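If you want the building blocks of each chain, they are given just below.
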Number of protein chains: 2
Amino acid sequence: MEVTRTLARYVVNAEFKDIPQNVRQEGVRSILNWLGCAVGACHHEAVDCALEALGPFSGAKEATILGREEKVDILLASLLNGISSHVFDFDDTHLRTIIHPSGPVASALFPLAERVKISGAELLHAFILGVEVECRIGNAVYPEHYDVGWHITGTAGVFGAAAAAGKILGLNEQQMTWALGIAGTQSSGFREMFGTHCKSFHPGSAAKNGLMAALLAQKNFTSSNQVIEAKRGFANVMSTKHNYAEITEGLGKTFEVTINSYKPFACGIVIHPAIDACVQLKKEHGLIGAEVEKVELTVAPLVLELTGKRTPQVGLEGKFSVFHSSAVALLFGAAGEKEYSDEMVRDPKVTSLRDRVDAKIDPKLRDDEVHARVTLKDGRVLTKYVEHAIGSKEVPMTNEQLEGKFHVLTDDVLGKEHAARLLALAWKIEGLKDASEICRVSVAQK
Amino acid sequence: MEVTRTLARYVVNAEFKDIPQNVRQEGVRSILNWLGCAVGACHHEAVDCALEALGPFSGAKEATILGREEKVDILLASLLNGISSHVFDFDDTHLRTIIHPSGPVASALFPLAERVKISGAELLHAFILGVEVECRIGNAVYPEHYDVGWHITGTAGVFGAAAAAGKILGLNEQQMTWALGIAGTQSSGFREMFGTHCKSFHPGSAAKNGLMAALLAQKNFTSSNQVIEAKRGFANVMSTKHNYAEITEGLGKTFEVTINSYKPFACGIVIHPAIDACVQLKKEHGLIGAEVEKVELTVAPLVLELTGKRTPQVGLEGKFSVFHSSAVALLFGAAGEKEYSDEMVRDPKVTSLRDRVDAKIDPKLRDDEVHARVTLKDGRVLTKYVEHAIGSKEVPMTNEQLEGKFHVLTDDVLGKEHAARLLALAWKIEGLKDASEICRVSVAQK
């Protein structure tokens, strides 16, 4: 069974006209969500740091660091865009594998589009194919591969970036097979890095190394033809599970991007039901927070295991506190990057309400389910049951909600008006003559 | 037990004055052997290919591709030097782990020396420390790590390159710990790639990624402090064996570079005893080949298992033929890259003698042992028993033999006289004010 070659052949022969409308639409939503994250975090210290360290070695400055004025070469831009798109932990999630699919693929494609002139449709097509490749490879080895300690967004992502870039570069079947090989032999990234800059380095590295693999294969730099399935290749070396049918069956018929999901809140997914409930209660009853006597949550066991931090001291710890998260949701109707700042976790209004949030476990509850009960000072009791949190497969974020998230992320960087212009452009990507227009517009004019 | 930090602390605090003379000398021999390999293969198609693909993205052209006129940025130079130094499979071997130690470390250090002005002694010190780091990490996980399919020169080498580059960059203990972390989370390379350009890509990639790790750590790009020993770090994720004492005990007292070894012949190490015997017989009896009636070898079992190819069709296959190798050894007294060319395996003089070489197995023989029996057309019988092949730990290559190998590799690239100049400079590295002089002299003047 030729696993790698079958996948390569599919990518090489795929045509955009065969991609169904709903698949294209989810591709656009994924790109839009990724773009908001990348622009929103473009001045994060991890990006600053990497640019300061590696900028001096940049080649021809033909690619945009999304959101920023500096330009760098396309490989370095891939790395930096990958870092910024992931560093808020706010990007997309392929729930079957917990791969964050857009980071490795889109972060390589946009810089490449600034060098190789391509249309938005070409970029969108390559993006959908890259996501398909990385998620299928992830499906074949998940969860064993992840459980042993691999950060699957990096390890599978590099294949997706290579496939997407290879599609743009017009690789033939042999070259595409090699590109996957060169990519695979760079597959790397430990979960041990979570909590450090290296976590967001993984999708960045996957984007850069995948792009490099495609460039090398284009010049006939040779590799194995069986990097995925060989005895000493990816699946056998890096996983105890390898279900190759996940890779080879239904190619061109099913599309993994259609089950991509987007986070409405800038924190671990297990707190989302609680936040969702609090935001809904605030909206339905016009709450401002001060009238709240106490909040009682009934949550799934994992919620307190992962996010039971009672008194977070810094913003990052707030993301691991269901108490803080529920308090900001009631106070501000949001739980974005702003609500997890260092100032916010120390704000007396927030800490006062946080101390009145309680949570108890019900082992019968699923991870995306919650019961919230808010008692007001006037004695009234408000309740909300969330069956599936927003952002789940059952209740995906609407386009309007994605737009709201985009603005929250990018308004401070670009200004509201310019952010709206970038957003409008992202929605229209399929019709763009020149995909790199998005890179140019991602930077605010002075 | 702080494994990673202990190693980082040792590298940061190490002083050259504490490195014993024999250790320095073996460091020089390693660098010299590596330099000959890198210059000798600098026009190999794998290097051409990679340069053509990635050259367009090179930054400031401040580093030499050893042996070539083109210059590129220091990261790309690290990659290309790593490829050329390994692509002939003729570089050094740390026999305990079969790591090829110089490739990842020296390939990063020389480009860095062209940017950061350092003395030869500083480079030699960083080289010895880098080799120490990669080989100790290798010792901790070998052989299980290798057996599962990892190309250990790539996976361990990246740590060595980071440590060596970090020493030159003057990282403090925390930064060095991060540098090892950033390096480790890029650890990669499958044995599946053997036989393709990607094999030599591994030491190149390790050199480049290790250097990048040190540059990032210098700007305080954060990583884990326990990349080696963490539950989801290098040793646990990539090996079933992890003997941390190999990493932390005897630091500064024992030096892995002292057990480095060098190949006298450009092929797998199992054929070396047979070649050694044939070369000795040729020299002792002034044989020219035509007078030989037949050759009978008695070899260890692994010899025919790995190198039993009877009628090789191309040069690379000749490396897997004990018959071809013995024939060229008798005819030319050598088995270098030239004796494994496509023309050579088809040369009637070679094929005629090759067909008269026979080999039988003796399970009692060790891998580095051989009995050779040559019957001449005049009826005389010559015999040679090799107890340990040249290049083994017991019979290391002498300085003169290393010089001979250096010339065989570099004379065609540089001309004999210029090669001798480079060789003399390499011997003197410890006294050089500017280590990068070696890079400049590695290129022949027009």
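Since this is a predicted model, take the numbers as computed values, not measurements. (Residues numbered from 1 in each chain as written. Chains lettered and ligands numbered in written order. Predicted model: local features only at pLDDT ≥ 70, side-chain atom pairs only at ≥ 80, totals over all residues. Heavy atoms only, no water.)

Description of the sheet that holds strand E6 (residues 357–361) of chain B
Residue and element names in this part refer to chain B. Spatially, E6-E5-E7-E8 is the arrangement adopted by the 4 strands of the open sheet, whose pairing is mixed. What marks the edges here is a single partner per strand, and that holds for E6 and strand E8 (381–386). Looking at each pair of strands side by side, their axes are set apart by 15° on average, direction ignored. In this sheet, strand E7 (residues 370–376) lies alongside strand E5 (residues 292–299) in antiparallel orientation, the contact comprising 6 bridges. Within the sheet, the bridge partner assigned to Glu-296 lies in E7 and is Arg-373. Contacts between helix H17 (residues 322–332) and the sheet are confined to E5 and E6, with E6 contributing the most and set at about 130° to the helix. (Pairing = 2+ DSSP bridges. Helix = DSSP H or I, 4+ residues; strand = E, 2+ residues; numbered from the N terminus. Axes fitted to C-alpha atoms, helices over the stretch in contact; angles between N-to-C directions. Contact = heavy atoms within 4.5 Å.)

Quick word on the domain arrangement of chain A
Residue and element names in this part refer to chain A. What the domain assignment reports for chain A is domain 1 (3–262 + 408–441) and domain 2 (269–386). On the side of domain 2, 5 residues touch domain 1, which itself brings 4 residues to the contact. Both sides of the domain 1 and domain 2 interface together cover about 440 Å² of buried area, and 63% of this is carbon and sulfur. Of all residues in domain 1, the largest losses of buried area upon contact with domain 2 belong to Phe-88, Phe-90 and Val-408, amounting jointly to 59% of the total for that side. Viewed at the interface, domain 2 and domain 1 are joined by 0 salt bridges. Per-class residue counts for the side of domain 1 that touches domain 2 are 3 nonpolar, no polar and 1 charged. (Domains from an automatic or database assignment. Buried area = accessible area lost by both parts, 1.4 Å probe. Salt bridge = Lys/Arg side-chain N within 4 Å of Asp/Glu carboxyl O. Nonpolar A, V, L, I, M, F, W, Y, C, P; charged D, E, K, R; others polar.)

Describing the sheet that holds strand E6 (residues 357–361) of chain A
As a general point, the strands of a sheet are linked pairwise by backbone hydrogen bonds and lie either parallel or antiparallel. Residue and element names in this part refer to chain A. Sheet architecture is open: 4 strands sit in the order E6-E5-E7-E8, paired in mixed fashion. Either end of the sheet is taken by a strand with one partner, and the two such strands are E6 and strand E8 (381–386). Put simply, the sheet's adjacent strands are angled 15° from each other on average, direction ignored. Two elements, strand E7 (residues 370–376) and E8, share 6 bridges in a ladder whose sense is antiparallel. When the bridges of E8 are listed, Val-370 appears paired with Val-386. Contacting strand E5 (292–299), E7 and E8, helix H14 (residues 272–285) crosses the sheet at an angle of about 135° to E8. Here helix H17 (residues 322–332) sits on the sheet and contacts E5 and E6; the angle it forms with E6, its principal contact strand, is near 130°.

Brief notes about the side chain of Thr410(A)
All names here are of chain A. Note on placement: Thr-410 falls in helix H20 (residues 399–414). Residue Thr-410 is classed as buried on the basis of its relative accessible area, which comes to 0%. Discounting chain neighbours no more than four positions away, the residues touching Thr-410 are Gly-36, Val-39, Gly-40, Gly-415 and Ala-419. (Buried < 20%, exposed > 50% of the residue type's maximum accessible area, 1.4 Å probe, protein only.)

Focus: the relation of the copies chain B and chain A
Turning chain B through 180° and shifting it by 0.0 Å along the axis lays it on chain A, with an RMSD of 0.1 Å. Both copies are brought into coincidence by an operation consistent with a two-fold rotation axis. The rotation axis passes nearest to the C-alpha of Gly59(B) in chain B, at a distance of 1.8 Å. Looking at the interface residues of chain B, 100% of them are also at the interface in chain A, so both copies use one shared face. (Least-squares fit on C-alpha atoms with pLDDT ≥ 70 in both.)

Points about empty space enclosed by the protein
One pass over the structure, following the stated rule, counts 3 cavities of 30 Å³ or more. The space that makes up the largest cavity amounts to roughly 300 Å³. If you trace the largest cavity, you find 19 residues lining it, with Asp73(A), Leu75(A), Lys208(A), Leu75(B) and Lys208(B) closest to the centre. If you list the elements that add at least two residues to the lining of the largest cavity, you get helix H4 (74–86) and helix H11 (197–218) of chain A together with helix H4 (74–86) and helix H11 (197–218) of chain B. Its residues placed into classes, the lining of the largest cavity shows 12 nonpolar, 3 polar and 4 charged. (1 Å grid on protein atoms, 1.4 Å probe; cavity = no way out; pocket = protein on both sides within 12 Å on 5 of 7 lines; lining within 4 Å. Points joined across faces, edges and corners; volume = space filled by probe spheres on them.)

Digging into helix H10 (residues 173–184) of chain B
Along its 12 residues, H10(B) runs 16 Å from first to last C-alpha, staying within 8% of the 16 Å computed at 1.5 Å per residue. For H10(B), the buried fraction is high: 10 of the 12 residues fall into the buried class. Buried within H10(B) are the following residues: Gln175(B), Met176(B), Thr177(B), Trp178(B), Ala179(B), Leu180(B), Gly181(B), Ile182(B), Ala183(B) and Gly184(B). Summarising the contacts, the buried residues of H10(B) are in contact with H11 of chain A together with helix H1 (3–13), helix H6 (120–141), helix H9 (157–168) and H11 of chain B. (Expected span 1.5 Å × (residues − 1).)

Considering the nonpolar core
Formed by 318 residues in total, the largest nonpolar core has its most connected members in Phe221(A) and Phe221(B). Excluding anything up to four places from it in sequence, Phe221(A) contacts Trp178(A), Ile182(A), Leu216(A), Ala46(B), Cys49(B), Ala50(B), Ile83(B), His197(B), Cys198(B) and Phe201(B). Within the second largest apolar cluster, 5 residues are counted, among which are Ile99(B), Tyr142(B), Tyr146(B) and Ile152(B). (Core = buried A, V, L, I, M, F, W, Y, C linked by side-chain atoms within 4.5 Å.)

Quick look at the interface of chain B and chain A
Listed as interface residues are 57 residues of chain B and, on the opposing side, 57 residues of chain A. Taken together, the two surfaces of chain B and chain A that pack against each other cover about 4,800 Å², and 69% of this comes from carbon and sulfur. Put simply, chain B and chain A have 2 salt bridges between them. Inspection of the region where chain B meets chain A yields 16 residue pairs in polar contact (both at pLDDT 80 or more). Only helix H3 (45–54), H4, H10, H11 and helix H12 (234–238) of chain B provide two or more residues apiece to the side of chain B that touches chain A. Counting residues per element, the side of chain B that touches chain A draws most heavily on H11(B), at 9 residues. (Polar contact = N/O pair within 3.5 Å; in protein donor to acceptor, adjacent residues only side chain to side chain.)

Here's the deal with the environment of His285(A)
All names here are of chain A. Here His-285 lies in helix H14. Looking at His-285, the relative accessible area reads 37%, which means it is partly exposed. With 88 residues separating them in the primary sequence, His-285 and Arg-373 have C-alpha atoms 13 Å apart.

What to know about the pattern of salt bridges
Applying the stated rule across the entire model yields 54 salt bridges over all chains. One salt bridge in this structure joins Arg96(A) and Glu246(A), with 2.8 Å as the shortest N-O distance. Of the two residues, Arg96(A) sits in the loop between strand E3 (93–94) and helix H5 (102–115) while Glu246(A) sits in helix H13 (residues 245–248), which places them 150 residues apart along the sequence. Between Arg354(B) and Asp355(B) there is a salt bridge, with its nearest N and O atoms 3.9 Å apart. Taken together, the salt bridges that share partners define one network made up of Glu2(A), Arg5(A), Arg9(A) and Glu173(A).

Comments concerning the packing of helix H2 (residues 21–40) of chain A against helix H21 (residues 416–427) of chain A
Residue and element names in this part refer to chain A. Closest axis-to-axis distance for the H2/H21 pair is 9 Å, and the angle between their directions is 155°. Accordingly, the angle class assigned to the pair H2 and H21 is roughly antiparallel. Where H2 crosses over H21, the two elements pack in a sense that is right-handed. For the pair formed by H2 and H21, the contact residues are Gln-25, Val-28, Arg-29, Leu-32, Leu-35 and Val-39 on the first element and Leu-422, Leu-423, Ala-426 and Trp-427 on the second. (Parallel < 35°, antiparallel > 145°, perpendicular 65-115°, else oblique. Left-handed = near helix turned anticlockwise from the far one by under 90°.)

Notes on a nonpolar patch on the surface
A contiguous nonpolar surface patch, about 260 Å² in accessible area, is contributed by Val314(A), Leu316(A) and Phe320(A). With respect to the secondary-structure elements, Phe320(A) resides in the loop between helix H16 (315–318) and H17. (Patch = residues over 30% accessible without salt bridge, like charges linked within 9 Å, V, L, I, M, F, W, Y side chains within 5 Å. Areas by Shrake-Rupley, 256 points an atom, 1.4 Å probe, with all protein chains shown as cover.)

As for helix H9 (residues 157–169) of chain A
Across its 13 residues, H9(A) extends 18 Å between first and last C-alpha, which sits within 8% of the 18 Å expected from 1.5 Å per residue. Note on H9(A): the residue one or two positions beyond its end, Gly170(A), has a positive phi of about 70°.

Some points on the pairing of E5(B)
In this sheet, E6(B) lies alongside E5(B) in parallel orientation, the contact comprising 5 bridges. Opposite Leu297(B), over in E6(B), you have Ala359(B) as the bridge partner.

With respect to unusual backbone geometry
Here Tyr142(A) and Pro143(A) are connected by a cis peptide whose omega angle stands at 5°. Locating Pro143(A) in the fold gives a position in the loop between helix H6 (120–141) and helix H7 (144–147). Despite not being glycine, Asn220(A) shows a phi value in the positive range, around 65°. In this fold, Asn220(A) is placed in the loop between H11 and helix H12 (234–238). One non-glycine residue with positive phi stands out, namely Asp89(B), at about 55°. By the secondary structure assignment, Asp89(B) is in the loop between H4 and strand E3 (93–94).

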